[in-house]
Amino acid sequence: MVKFTRNYPRRSKCPDARDCIEQLIVPAMANVSDKVDFRLSYIGKTTDNDGVLCMHGQTECLGNILELCAASEYPDPKIYLGFTRCLSLHYHDIPATSLIKDCALEYGIEFEKLNDCASRDDGAYGMGLLRDSVTRSKDLGVTTSCTVRLNNKTRCVRDGGQWKDCEDGSKPEDLVRDIRKLYDEAE
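Residues numbered from 1 in each chain as written. Predicted model: local features only at pLDDT ≥ 70, side-chain atom pairs only at ≥ 80, totals over all residues. Heavy atoms only, no water.

A. Expanded view of the overall build of the protein chain. Per the secondary structure count, the protein chain includes seven helices and six strands. Taken from the N to the C terminus, the helices and strands of the protein chain come in the order β-α-β-β-α-α-α-α-α-β-β-β-α. For 187 residues, the compact-globule estimate of 2.2 N^0.38 gives 16 Å, and the protein chain sits close to it at 16 Å. Nonlocal contacts in the protein chain, meaning residues at least 24 apart in sequence, comprise 70% of its contacts between residues at least 6 apart. Surface exposure of the protein chain reaches about 9,000 Å², of which carbon and sulfur atoms provide 46%. When the 26 basic and 31 acidic side-chain charges of the protein chain are each reduced to a single mean position, those positions are 4 Å apart. (Helix = DSSP H or I, 4+ residues; strand = E, 2+ residues; numbered from the N terminus. Rg over C-alpha atoms; globule rule 2.2 N^0.38 Å. Contact = heavy atoms within 4.5 Å. Areas by Shrake-Rupley, 256 points an atom, 1.4 Å probe, with all protein chains shown as cover. Lys, Arg positive; Asp, Glu negative; His and termini not counted. Charge placed at Lys NZ, Arg CZ, Asp CG, Glu CD.)

Written as structure tokens, this is what we have:
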């Protein structure tokens, strides 16, 4: 399986992350989700008290946790990426309960499962998911939302409303081509 990590150090309230998931990730994954080990990662700063600081505040951290909980509870990328995409389209409203419930319903996710995941162990479990994710991004040297990584290398970056460092193209079909090529080589 190709190791394709969308370290889109995603900030859940980030327009670049929204555009990246909408314009590149979801369309590409619709064609190759069976060929990749796909992971969401987030940008933030870990704190000394086991917390995380998010660029757009604690509501963004909660959105990140809910997206990570969706991935944890529903590991099929078609489900959790759909949920993440739905939230991204309305990122200004994160973490409104009505938005979370609507997006969960649309993708067959139980709101109660998300809520349980985020609040398990007095919130330590959900925060742990976010801390691990932020640490992974930091360890990879990823600081820009959205950074798409393919086979442990930066494949493309969406920053400031522009695609950057996308030498092999920034369209879904370009990413699909590269994933299929790596997958075939690994066979």
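B. Local environment of the nonpolar core. Core analysis: the biggest nonpolar cluster contains 47 residues, and Ile25, Phe38, Leu40, Leu81, Phe83, Leu114 and Leu130 have the highest contact counts within it. Of all the secondary-structure elements, those providing two or more residues to this core are α1 (15-32), α2 (58-73), α3 (77-89), α4 (97-106), α5 (111-119), α6 (124-139), β4 (147-150) and α7 (172-186). (Core = buried A, V, L, I, M, F, W, Y, C linked by side-chain atoms within 4.5 Å. Buried < 20%, exposed > 50% of the residue type's maximum accessible area, 1.4 Å probe, protein only.)

C. Structural view of α4. Buried within α4 we find Leu99, Ile100, Cys103 and Ala104. For α4, the buried positions fall inside an angular range of 125° around the axis, keeping them on one side. Opposite the buried face of α4, by more than 90 degrees, sit the exposed residues Ser98, Asp102, Leu105 and Glu106. Those residues of α4 that are buried are in contact with α2, α3 and α5. Taken from the residues just after α4, Gly108 is the one with a positive phi, measuring 70°. (Arc of directions from axis to C-beta.)

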